[in-house]
Amino acid sequence: MDERAPPVTVLGLSILAFSIVAITVLLSAFVQGSTGMGFAMITAPVVSFIDPSLIPVMLLVLMIPLNFYVAARERSDIHWHGVKWISVGRFAGTFFGLWILVIVNLHQLALLIGWSTLVAAVIALLAPKFTPNKPVLAIVGLITGVTETSTGIGGPPYALAYQHSPGPELRSTVAVCFLVGEVISLIVLAISGQVSGPTMLFTAAMLPFLAIGSFLSKYVHHRLDGPVLRYIVLGFAIISGAIVIIQS
């Protein structure tokens, strides 16, 4: 008779899997706090590989305190004109994102996350410099509403719109746009029954790691205007997205 002890788990995951997610959340919070983007692009592929049922709710909930902190820290540099027009498109895109989430299974969701991460990161990396106008900002919001509600990933369209702006403006404006969108998406997801107790419990367990990463970012964010870490973040996102696609 096999008398081996059952594997030790933490909230349904092995200790190794839990640790990987926790470390990813810490590092992603540090990167987004420093550069203004990267949390979902880094975290989503890792989490979807370990437990795709946590997506997108875990990411949306964790990003609310993270982006509130970033926006408050550099509130004087927020580009409110961009926030307004992105939010208009963001609201419209939320419902299409919910429709996608309802019709796909976990395997399809993992593939969607992988391809969304890969394509969006490549576009953000290769896009030429431009100044976004009202229609462009609204389209950015629309695309983000679709991708963030269905996969938790919304950073690349924002990065595309603000990647050539000064660091403080990029970080603070993107943070406010995220906040508005995350609240909209979570309300819609909760009404549709997509928010579960186990997911919220696991998300709560990630909050200390989120706080540590956010706190550490305050020591470097003022030294960064984006370019070097932007390439690192987008490069990591491309690799992560490719891995998820291959493994799915």
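### Quick look at the nonpolar core
So, point 1. Within the largest apolar cluster, 52 residues are counted, with the highest numbers of intra-cluster contacts made by Val25, Phe39, Met58, Phe202 and Met206.
So, point 2. Of all the elements, helix α3 (residues 57-73) adds the most residues to this core, at 10 residues.

### Here we look at unusual backbone geometry
So, point 1. Residue Ile55 is joined to Pro56 through a cis peptide bond whose omega torsion reads 5°.
So, point 2. When you line up the elements, Pro56 lands in the loop between α2 (39-50) and α3.

### As for the side chain of Thr24
So, point 1. Along the polypeptide, Thr24 turns up in helix α1 (residues 15-35).
So, point 2. Contacts of Thr24, omitting those with residues within four sequence positions, involve Ile42, Thr43 and Val46.

### Concerning the confidence of the model for the chain
So, point 1. Residues of the chain with pLDDT of at least 70 account for 87%, and the chain-wide mean is 82.
So, point 2. Mean pLDDT across the secondary structure elements of the chain bottoms out at helix α10 (residues 227-247), with 69, and peaks at helix α9 (residues 197-217), with 94.

### A closer look at a nonpolar patch on the surface
So, point 1. On the surface, a nonpolar cluster with roughly 430 Å² of combined accessible area is contributed by Phe96, Trp99, Val102 and Ile103.
So, point 2. Inspection of the secondary structure assignment puts Phe96 in helix α4 (residues 80-103).

Conventions used here
Residues numbered from 1 in each chain as written. Predicted model: local features only at pLDDT ≥ 70, side-chain atom pairs only at ≥ 80, totals over all residues. Heavy atoms only, no water. Core = buried A, V, L, I, M, F, W, Y, C linked by side-chain atoms within 4.5 Å. Buried < 20%, exposed > 50% of the residue type's maximum accessible area, 1.4 Å probe, protein only. Helix = DSSP H or I, 4+ residues; strand = E, 2+ residues; numbered from the N terminus. Contact = heavy atoms within 4.5 Å. pLDDT = per-residue confidence, 0-100. Patch = residues over 30% accessible without salt bridge, like charges linked within 9 Å, V, L, I, M, F, W, Y side chains within 5 Å. Areas by Shrake-Rupley, 256 points an atom, 1.4 Å probe, with all protein chains shown as cover. Salt bridge = Lys/Arg side-chain N within 4 Å of Asp/Glu carboxyl O.

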